[in-house]
Amino acid sequence: MSPSGWCLASGFDPIHKGWSGETLLYDRFSGDTHVVDDVCMAIIELLAKGPLSEVLILKEIVQCLDVGSGIDLDLIVQQRLAALVQLNILQCPT
Amino acid sequence: MPLARFASQLADVGVAFSVGPFVVSLTSSIPRVAEGIYQLYGEYPLAAEGADRFVDYYLSLGYGRGVRRWYHPQVHFVYDGLQPFKPLPLSQALPLFEWGLNWCVASQMHSYLLIHAAVVERNGVAIILPAPPGSGKSTLCAGLVSRGWRLFSDELAIISMADGSVVPCPRPIGLKNESIQIMRDYEPQAVISRESRDTRKGTVALMKAPSESIRRADETARVGGIIFPRYQSGAEALMTSRSKAQTGLYLADNSFNYSVTGARGFQLLADLVDGAECLEFTYSRLDDAVRIFDALEWLQ
Amino acid sequence: MMAQPLLCEVLIDPERAKGLSLQQWDLLIRQARHADLLARLAYLLEGQSGVPTAAQRHLDSAWTFAQRQAQSVRYEVASIQKALSDLGIPVVLLKGAAYIMAGLPAAPGRLLSDIDILVPKPCLERVENGLLLYGWRTTHHDEYDQTYYRQWMHEIPPMKHGVRGTVIDVHHAILPPTARLKPDSSKMLVAAVALAAEPGVCVFSPVDMVLHSATHLFHEGELEHGLRDLVDLDALLRHFGDQSGFWEQLVERAVALDLVRPLYYALRYTAQMVATPIPPFVVKALDKLGRPSALISSLMDCLFARALRPSHVSCDSQWTALARWMLYIRSHYLRMPFHLLFPHLIRKAVKKRQGSGSLTEPIVVKE
């Protein structure tokens with residue numbers, strides 16, 4: 001477990017296919033299947049490169065997603081992080 | 001083969017016949033079973049004899065032992081020496097055969113992806129009809145195949161792991177409660193078995209698969225559409241589109257063996273959803289449904 | 001002498017499958033399915049030409065299932081490791097899970113219904129609590145069963161995961177404390193070998209793995225899986241048998257652990273049923289150390305020759321059920337003195353009768 005930030009759950013081994021805003025995702029390690037949105041996918045792809053703090057995740061997400069102003073991305077990312085932990089896809093920072 | 005000879009062979013050595021991609025051998029000395037199987041499966045091709053015979057499922061339907069047979073007769077389903085279910089009242093012998101065969105395929109045919117859904121075909125294009133209970137899936141399926149659509153299955157979509165095509169396994173369609181009368185009225189020519197009352201699902205009867213579907217059981221088809229039917233009393237017929245990812249997840253949850261097939265199953269399912277029209281269909285009248293299905297653009 | 005079942009012929013020599021008629025393939029597939037060896041057969045026949053499509057479909061199906069199960073074992077073992085790693089207790093995987101995690105030749109196509117682990121007896125409570133914390137729940141809520149397990153058995157009641165439904169059997173010894181043989185399981189724990197991939201998780205050393213498999217087969221009384229267990233032993237013996245000093249150590253270890261008799265039977269019946277090569281000096285040594293009296297020996301030959309055949313109707317004679325029943329009683333007798341055993345077997349028989357009406361309904365096709 002990485003003390004430095006959010007990371008993918010150990011063993012997590014995804015394959016996925018996406019259609020306009022939604023992605024069907026399969027974890028070859030756990031055998032679980034999920035539907036996730038673009039923000040979740042962006043987080044997963046980011047963390048595949050290595051652990052990150054919440055601040056850095058947010059910064060990167062703003063760059064890779066085309067989000068209009070007035071949307072509370074901070075809150076959205078927080079919610080998605082929590083949801084991905086629930087799905088055993090992410091591990092919280094310790 | 002006349003019924004009397006069929007019944008004696010069924011009781012004696014059993015009868016082996018092809019049901020879509022599977023060869024089933026059935027043994028039973030129960031007259032009700034002989035009569036029902038003769039009526040529903042009489043047109044199915046018989047399996048090869050002797051050294052060339054390979055049977056996928058050895059099944060038998062028997063009375064069981066003991067005096068019970070004389071005051072409260074039951075039927076026991078036996079699969080190659082094992083009894084996976086508890087016995088049921090004798091009147092449910094035919095539905096038990098169908099359930100039992102479904103169980104055999106669903107629990108041990110992981111060389112296909114198996115989804116709980118009806119499948120029909122026209123012009124070489126198959127439509128998968130997955131649905132929750134009460135959606136009228138079997139009735140719609142029976143209606144379509146009475147009007148020229150080819151029956152693949154009313155319970156089990158069998159998807160080839162090799163190329164994603166659907167494999168036909170035309171078998172009797174299970175009709176429940178009021179659907180039985182609806183089909184008798186809709187298609188007076190339909191061959192419908194004796195009714196089994198007081199099953200878990202109420203009254204059940206089986207409608208024989210159309211002869212052409214049985215004859216063409218070796219012709220697979222590509223999947224053109226995945227349509228979720230929803231019967232709603234009084235509703236105007238309406239076709240709307242549905243999320244592909246959610247459709248994939250629904251099929252995964254309603255597959256008998258998706259969890260067994262691992263990454264290959266996922267890939268197959270994702271490609272299936274990707275290449276098919278994913279739709280939701282609300283209807284109340286069978287005639288509307290058939291007309292709208294007949295007119296689907298991507299089928300022409 | 002009974003004819004060798006077709007399945008055993010093909011297990012011994014997969015080339016034997018060449019030239020089988022479709023009807024013989026039909027029989028082979030059925031025997032293998034009933035013996036829980038269909039996926040193993042798929043592995044042994046992999047790449048062989050001439051397998052008819054109808055048979056290949058069943059082999060592919062079983063192989064798909066086994067592969068998925070092996071993946072699920074890897075996931076479960078990682079979860080067990082997570083639940084128990086902080087306790088600093090050595091956890092030894094047994095049987096199927098051990099073969100899969102250690103990547104042994106006994107693994108491909110090996111099916112299992114639960115994961116068996118062995119932990120030191122003094123740590124049992126901490127292990128149970130650790131597993132409870134990570135979502136496993138105890139089964140057997142019946143007080144009699146709970147007490148029976150905890151007082152007389154070498155394992156606690158099976159624990160089932162609340163979400164995944166997977167089952168762990170936690171053992172503290174390889175035989176019950178009341179058994180006639182008194183192997184010291186702590187010696188086996190000490191000699192266990194750590195798995196590189198899962199820190200804190202171990203498997204038995206090669207000789208102990210063989211001895212445990214032999215003990216399990218000849219004392220647990222689950223002879224419907226008997227042939228499957230012989231196939232395990234065969235794969236283990238062929239694999240480890242090439243290592244220098246293995247056979248000498250095996251005999252020595254059997255003596256040290258009081259497991260000579262199960263080893264004697266294991267080697268005798270693997271050689272008979274699946275033609276496992278056993279060095280003559282080992283056979284001679286065990287004849288001297290572990291051979292039962294001539295009368296017992298011929299009785300056992302007679303019983304095991306029947307009970308170890310695939311549990312399929314084509315392999316059953318009129319004596320098969322009796323042979324399995326006698327060996328079942330024997331296994332209990334070996335595990336427990338008669339005054340304790342008798343009330344237990346009666347209770348089990350009564351419970352079984354009471355339970356026989358509640359088999360699953362045909363609710364398989366979801367509505």
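Every value quoted in this text rests on a predicted model; they were computed, and no experiment measured them. (Residues numbered from 1 in each chain as written. Chains lettered and ligands numbered in written order. Predicted model: local features only at pLDDT ≥ 70, side-chain atom pairs only at ≥ 80, totals over all residues. Heavy atoms only, no water.)

**Q** How do you make sense of the overall build of chain A when you look at a structure like this?
**A** Summing up its helical and strand segments, chain A has three helices and five strands in all. Here the C-alpha radius of gyration of chain A, 13 Å, is about what a compact globule of 94 residues would show, namely 12 Å. For the C-alpha atoms alone, the extent of chain A along its principal axes is close to 40 × 35 × 20 Å. Within chain A, the proportion of its 94 residues that are buried is 41%. (Helix = DSSP H or I, 4+ residues; strand = E, 2+ residues; numbered from the N terminus. Rg over C-alpha atoms; globule rule 2.2 N^0.38 Å. Buried < 20%, exposed > 50% of the residue type's maximum accessible area, 1.4 Å probe, protein only.)

**Q** Quick question: what am I supposed to make of the interface of chain C and chain B here?
**A** Interface size is often expressed as the accessible area that is lost when the parts come together. Each partner contributes residues to the interface: chain C has 30 residues there, and chain B has 43 residues. Residue C:Arg57 is joined to B:Asp56 by a salt bridge in which the shortest nitrogen-to-oxygen separation is 3.2 Å. Counting every contact that joins chain C to chain B gives 18 residue pairs in polar contact (both at pLDDT 80 or more). Within the residue set of the side of chain C that touches chain B, elements represented by two or more residues are α2 (22-34) and α4 (53-84) of chain C. The element that contributes the greatest number of residues to the side of chain C that touches chain B is α4(C), accounting for nine residues. Split by residue class, the side of chain C that touches chain B holds 12 nonpolar, nine polar and nine charged. (Contact = heavy atoms within 4.5 Å. Salt bridge = Lys/Arg side-chain N within 4 Å of Asp/Glu carboxyl O. Polar contact = N/O pair within 3.5 Å; in protein donor to acceptor, adjacent residues only side chain to side chain. Nonpolar A, V, L, I, M, F, W, Y, C, P; charged D, E, K, R; others polar.)

**Q** Got a minute to help me understand the interface of chain C and chain A in this structure?
**A** Across the contact, five residues belong to chain C and six residues belong to chain A. Buried surface at the junction of chain C and chain A, summed over both partners, amounts to about 470 Å²; 53% is from carbon and sulfur atoms. A per-residue breakdown of the area chain C buries against chain A is headed by C:Arg68, C:Gln71 and C:Tyr75, which together make up 81% of the total. At the junction of chain C and chain A, the tally comes to zero salt bridges. Counting the contacts that link chain C with chain A gives two residue pairs in polar contact (both at pLDDT 80 or more). Across the side of chain C that touches chain A, the residue classes tally to two nonpolar, one polar and two charged. (Buried area = accessible area lost by both parts, 1.4 Å probe.)

**Q** Hey, could you run me through the domain arrangement of chain B in this one?
**A** Residues and elements named next belong to chain B. Along its sequence, chain B is organised into domain 1 (3-108) and domain 2 (112-299). Of the roughly 2,200 Å² buried between domain 1 and domain 2 on both sides combined, carbon and sulfur atoms contribute 60%. Counting every contact that joins domain 1 to domain 2 gives three salt bridges. Here Lys 208 and Glu 43 are joined by a salt bridge, their closest N and O atoms 3.1 Å apart. Linking domain 1 with domain 2 are six residue pairs in polar contact (both at pLDDT 80 or more). Mapped by element, the contributors of at least two residues to the side of domain 1 that touches domain 2 are α2 (31-41) and α4 (93-108). (Domains from an automatic or database assignment.)

**Q** Looking at this structure, how should I read the sheet that holds strand β3 (residues 57-62) of chain B?
**A** Within a sheet, neighbouring strands are paired by backbone hydrogen bonds and run either parallel or antiparallel to one another. Residues and elements named next belong to chain B. Here five strands make up an open sheet; going across it, the order is β1-β2-β3-β4-β5 and the pairing mixed. Either end of the sheet is taken by a strand with one partner, and the two such strands are β1 (15-19) and β5 (88-89). Looking at chain direction, β1 and strand β2 (residues 22-28) are connected through five bridges and run antiparallel. Each residue of the ladder has a partner; that of Val 19, found in β2, is Phe 22. (Pairing = 2+ DSSP bridges.)

**Q** What is the right way to look at the packing of aromatic side chains in this model?
**A** In this description, an aromatic ring pair is defined by two values, namely the gap between the centres and the angle between the planes. Tallied over the entire structure, the rule returns 29 aromatic pairs over all chains. Ring centres of B:Tyr41 and B:Tyr44 lie 4.7 Å apart, and the angle between their planes is 50 degrees; this geometry places the pair in the tilted category. Neither B:Tyr41 nor B:Tyr44 differs from the other in exposure class; each is buried. With centroids separated by 5.7 Å and ring planes inclined at 35 degrees, the aromatic side chains of C:Phe218 and C:Tyr265 adopt a geometry described as tilted. Of this pair, C:Phe218 sits in helix α9 (residues 206-220) while C:Tyr265 is found in helix α12 (residues 260-274), placing the two residues 47 residues apart along the sequence. Members of the aromatic cluster, connected to one another through ring pairs, are B:Phe22, B:Tyr57, B:Phe77, B:Tyr79, B:Phe85, B:Trp103 and B:Tyr112. Positioned over the ring face of B:Tyr186 is B:Arg147, at 4.0 Å from the centre of the ring. (Phe/Tyr/Trp six-rings, centres within 6.5 Å; stacked < 30°, edge-to-face > 60°. Lys NZ or Arg CZ within 6 Å of the ring centre and 35° of its normal.)

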